[in-house]
Amino acid sequence: MDLSFSPEERAFRDEVRAFLASSLPDELRAKVRGEGRLTKADMDRWHAILNEKGWLAQNWPKEFGGAAWSPVQRHIFEEEAARADAPRIVPFGLSMLAPVLQKFGSKAQQDHYLPRILSGEDWWCQGYSEPGAGSDLASLKTRAVRDGDHYVVNGQKTWTTLGQHANRIFCLVRTDSTVKQQEGISFLLIDMDTPGIEVRPIILLDGSPEVNEVWFTDVRVPVENLVGEENKGWTYAKYLLTHERTNIAGVGSSQAGLEAVKRMARTQMQGGKPLAQNPHFAARLAQVEIDLMAMATTNLRIISAAAAGQAPGVESSMLKVKGTIIRQEINDLARRAAGPYAMPFPSEAVEGANEAPIGPDGTGPVAAQYFNNRKLSIFGGSNEIQRGIIAKVKLGGGQ
Amino acid sequence: MNFDLTEERRMLQDTLRRFLKDRYATATRNAILDSDAGFSADIWTDLADLGVIGALFAEDRGGFGGAGFDIAVVFEELGRAGVVEPFLETAILGGGLVAALGSDDQQALVADVIAGGLHLAFAHGEPNSRYDLNRVETTARVDGDGVVLTGAKAVVMNAEAAGWLIVSARESGDAGDEAGISLFLVPADATGLSLRGYPVISGGRAAEIKLDGVRLQASARLGAAGAGFDAICTAVARANVALAAEALGAMETATALTRDYLMTRKQFGRPIGSFQALQHRFADLLIELEQARSAVINAAGHLEAGAKERDRQIAAARNLIGRAGRLVAEEAIQMHGGIAMTQEYELAHIAKRIVMTDHRFGDTDWHLERFIDLSAA
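Thresholds, definitions, all that
Residues numbered from 1 in each chain as written. Chains lettered and ligands numbered in written order. Predicted model: local features only at pLDDT ≥ 70, side-chain atom pairs only at ≥ 80, totals over all residues. Heavy atoms only, no water. Helix = DSSP H or I, 4+ residues; strand = E, 2+ residues; numbered from the N terminus. Buried < 20%, exposed > 50% of the residue type's maximum accessible area, 1.4 Å probe, protein only. Contact = heavy atoms within 4.5 Å. Areas by Shrake-Rupley, 256 points an atom, 1.4 Å probe, with all protein chains shown as cover. Lys, Arg positive; Asp, Glu negative; His and termini not counted. Charge placed at Lys NZ, Arg CZ, Asp CG, Glu CD. Disulfide = S-S within 2.5 Å. Expected span 1.5 Å × (residues − 1). Polar contact = N/O pair within 3.5 Å; in protein donor to acceptor, adjacent residues only side chain to side chain. Patch = residues over 30% accessible without salt bridge, like charges linked within 9 Å, V, L, I, M, F, W, Y side chains within 5 Å. Salt bridge = Lys/Arg side-chain N within 4 Å of Asp/Glu carboxyl O. pLDDT = per-residue confidence, 0-100. Core = buried A, V, L, I, M, F, W, Y, C linked by side-chain atoms within 4.5 Å. Pairing = 2+ DSSP bridges. Buried area = accessible area lost by both parts, 1.4 Å probe.

Undergrad: Report on the overall build of chain B, specifying residues and quantitative values.
TA: When its secondary structure is counted, chain B shows 11 helices and 10 strands. Counting only C-alpha atoms, chain B reaches 80 × 45 × 40 Å along its principal axes. Counting the 377 residues in chain B, one finds 59% classified as buried. For chain B, contacts bridging at least 24 residues in sequence account for 73% of all contacts bridging at least 6. Approximately 14700 Å² of chain B is accessible, and the part contributed by carbon and sulfur atoms is 51%. In chain B, which carries 36 positive and 52 negative side-chain charges, the distance between the mean positions of the two groups comes to 5 Å.

Structure follows, in structure tokens:
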């Protein structure tokens, strides 16, 4: 048992810290802290900075131009980046689609798409969920019918995160409805400029235009855009989901969030004393910090096992459930800490105009973040689905 | 023991529920939320005509109610429909303070409020006061035959729409003293008064207020000099009953929407409400909802009691509603899934009303501490 990082890992952490200190632009840091909303240009800018350093495609093998970091290195970067208030790396092309193409895509697909992901030329979004297929993803109904050299796609996808920025979408489509649900699904790459595609924004409860509906009407997709084999899409999708879950615990975000709450609690006054000295608030804060300390170690235990070559099992479901509970609890504490100043919701605070914030430092976005982050326990396989997975594996059989 | 509403209150409840069902559909409310004013002047006057404002005032002030259960009945219905019109600010807080303290001349404002022709705002909270009612740093300095107000007020709901603001200011003592706080009627167009308005996340608008040497006649004082604190506590006690009842109504709607969704949404070939994991959680919401209803009854039933027992019951209700409300709001969203994350779906607004109740006149923990203090003494 040794709880500390190795000398090499510590050296790597120092290198990451130094890089973040010198290369993360202040405007981006301020926006991540909640003083504005990141634009597409902001996200592209951060990607370009990381790409130049060779740190963008952290999980890609070297043969594809990736950094081929170990799970521990990736963890260190994620933790340091969150602490430094760096933008999250947009995962759709880099860490969701790319591993699928690298494992199942054709040489032509790899050669064409992977460099365009690195350069930022392509922005991918994910066409998985449908109005009738959320937790029960395999029941998806968007159809792709073969017609000569094309598939003709009809249907509707939803909850397509940042689809408004995307020029490409990877989709799960039904290519056979006569077999078991999971066996009639294919994985298609679609150009968003193809006639018949319409993107409609969905405004979330905090006012953010983060997700979209994507409608397909007789959209013609060349057959060479099929990934792997027809009707094997579910296998690829499951492979992709294991990648989606690598940073599922969000330990770095939670640590950054906890620090922000502590900063606020030191300056917000209640009964003539800083809120940090209020016994009830201090107890709540301590409780979630204790949970987070254990979660950080749980996360590292699982990462170490993965580094040693063990495939993650129910552990990633456990990280998702507990990690999101902790993140949401921190959002709740931030909301409480802001007091009455959690209420103002000026549009300029989220749009990044030049007006001074309404309340004390850090209080502006807390309520919006609290409501927005209710999504954490819903998306990427809801916490109910994760608990079902844990129970099924450990108890066998029933739901 | 009798937990039935009186005939008059039942009629008020029916009328209000029917009106809001017809006139305050989700789409209407979402349009109101997006509007510049932040509330609907038409809905306001129609509800005034129905007597909804009058129900919040006693007969000797021109109303026909004003007791704890009148407030609870009205605000539970407003909460069920997610109403954002400023009944709390204009009628309970502003109107309540003028009715309690006003001279005969000042009482004329109450009649205007009841008729629906005047809005008020209660400018009490300050940048450093958080939820502490006694922490007033704004000063009132007697100057000749007038008074000069200087200071800042924070997150003042309905300030921009108000014709008059009821402003608290200190005439003596230190920032945390209960004695020495006076109340003043300040016209919206007073020189030296400036507002910075903004929308509030759960609907309506508020403002940061600067009082830069606002000069008033001594007759602008509401009640006796330096003796405003008890009246503030009474007005806030009534506001807390209203807020608790409003949250209760919103919790009823959240629970009803969740029930409908559990029965109709199908995944894995069956309604999601047929999964026991969700059934038990839904059952817990119903249990908490009944606890919340009882907490509101306790608070409303003690609103006319002595200040100490009144405040202890109210602290209990706000603490319980804070806990139960958060559970109901979060679980309702979670059991719905993605659809509840969208702004246009009714639950989004209802959940915000419930959760953001926790940011007015004390959050769950603040009321817990208050309950402990009032129980010990």
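Undergrad: Help me get a handle on the state of the cysteines, residues and values and all.
TA: Residue and element names in this part refer to chain A. Under the counting rule described, the total for this entry stands at zero disulfides over all chains. Among the cysteines around Cys-125, which has no disulfide bond, Cys-171 carries the closest sulfur, lying 7.4 Å off. Residue class for Cys-171 comes out buried when judged on its relative accessible area of 0%.

Undergrad: Run through helix H11 (residues 364-376) of chain B, naming residues and quoting values.
TA: Here H11(B) contains 13 residues, and its C-alpha end-to-end distance of 19 Å stays within 8% of the 18 Å for a straight helix at 1.5 Å per residue. Buried residues in H11(B) make contact with strand E9 (269-270), helix H9 (279-307) and helix H10 (315-338) of chain A together with helix H7 (229-264) and helix H9 (307-336) of chain B. Two or three places before Asp365(B), at the opening of H11(B), Asp363(B) has a side-chain oxygen 3.2 Å from that residue's backbone nitrogen.

Undergrad: Run through a negative patch on the surface, naming residues and quoting values.
TA: Residue and element names in this part refer to chain B. Together, Asp-174, Asp-177, Glu-178 and Asp-230 line one region of the surface with negative charge. Here Glu-178 is to be found in the loop between strand E4 (164-170) and strand E5 (181-187). Relative accessible area serves as the criterion here: at 48%, Glu-178 is assigned to the partly exposed category.

Undergrad: So what's going on with the confidence of the model for chain B? Which residues, and what values?
TA: On average, residues of chain B score 97 in pLDDT, and 100% of them reach the 70 mark or higher. ipTM for the predicted complex: 0.96, alongside a pTM of 0.95.

Undergrad: Explain the pattern of salt bridges to me, using residue names and the numbers behind them.
TA: Scanning all chains against the criterion turns up 51 salt bridges over all chains. A salt bridge links Arg116(A) to Glu121(A); the shortest N-O distance between them is 3.2 Å. Note that Arg335(A) and Asp358(B) form a salt bridge whose closest N and O atoms lie 3.4 Å from each other. One end of the pair, Arg335(A), is in helix H10; the other, Asp358(B), is in the loop between helix H10 (346-356) and H11, on a second chain. Just as Arg335(A) is buried, Asp358(B) falls in that class too.

Undergrad: Tell me what's going on with the nonpolar core, and back it up with residues and numbers.
TA: Counting 143 residues, the largest nonpolar core has Ile53(B), Phe57(B), Val74(B), Phe75(B), Phe87(B) and Ile166(B) as its most contacted members. In terms of residue count, H7(B) provides more of this core than any other element does, 21 residues in total. Setting aside chain neighbours within four positions, we find Phe57(B) in contact with Gly63(B), Phe64(B), Gly65(B), Gly66(B), Ala91(B), Gly95(B), Gly96(B), Ala99(B), Val110(B), Val113(B) and Ile114(B). Ranked by size, the runner-up nonpolar core spans 72 residues in total, among them Phe5(A), Trp60(A), Cys125(A) and Leu137(A).

Undergrad: Tell me about the environment of Glu52(A), residues and numbers included.
TA: Residue and element names in this part refer to chain A. Checked against the element boundaries, Glu-52 lands in helix H3 (residues 40-53). By relative accessible area, which is 74% here, Glu-52 ends up exposed. Taking the C-alpha atoms as reference points, Glu-52 and Ser-119, separated by 67 residues in sequence, lie 9.5 Å from one another.

Undergrad: With reference to specific residues and values, describe the pairing of strand E2 (residues 139-143) of chain B.
TA: Residues and elements named next belong to chain B. As paired elements, E2 and strand E3 (residues 146-157) share five bridges and run antiparallel to each other. Counterpart to Thr-139 in the pairing with E3 is Thr-150. Where E2 folds back on E3, the antiparallel hairpin that results is connected by two residues, among which Gly-144 adopts a positive phi of roughly 65°.

Undergrad: Quick rundown of a nonpolar patch on the surface? Include the residues and the values.
TA: Residues Met1(B), Phe3(B) and Ile297(B) make up a contiguous nonpolar surface patch of about 430 Å² in total accessible area. Tracing the backbone shows Ile297(B) in helix H8 (residues 276-301).

Undergrad: Lay out H9(A) in plain terms, naming residues and giving numbers.
TA: All names here are of chain A. Helix length check: H9, at 29 residues, gives a terminal C-alpha distance of 41 Å against a target of 42 Å (1.5 Å per residue), a fit within 8%. For H9, the complete set of buried residues consists of Phe-281, Leu-285, Val-288, Leu-292, Met-295, Ala-296, Asn-299, Ile-302 and Ile-303. Buried positions along H9 lie against helix H4 (71-83), helix H8 (251-267) and H10. The N-cap residue of H9 is Asn-278: its side-chain oxygen and the backbone nitrogen of His-280 are 2.9 Å apart. The first or second residue beyond H9 is Gly-309, which carries a positive phi of 95°.

Undergrad: Provide a residue-level description of unusual backbone geometry, including the pertinent values.
TA: Residue Trp159(A) is not a glycine yet carries a positive backbone phi of 60°. Along the chain, Trp159(A) falls in the loop between strand E3 (150-157) and strand E4 (168-174). Although it is not a glycine, Val155(B) adopts a positive phi angle of roughly 45°. For Val155(B), the position within the fold is in strand E3. Take Val155(B): its relative accessible area is 10%, and that puts it in the buried class.

Undergrad: Which residues make up the interface of chain B and chain A, and what are the values?
TA: Every contact between the two is made by 50 residues of chain B and, on the other side, 55 residues of chain A. Between chain B and chain A the total buried area reaches about 4400 Å² when both faces are included, carbon and sulfur atoms providing 55% of it. Here chain B is connected to chain A by seven salt bridges. With a closest N to O distance of 3.4 Å, Glu330(B) and Arg374(A) form a salt bridge. Seen at the junction of chain B and chain A, the total is 31 residue pairs in polar contact (both at pLDDT 80 or more). When residues of the side of chain B that touches chain A are traced back to their parent elements, those giving at least two are E3, strand E6 (193-199), strand E9 (266-267), H8, H9, H10 and H11 of chain B. When residues of the side of chain B that touches chain A are assigned to their parent elements, the largest contribution, six residues, is made by H11(B).

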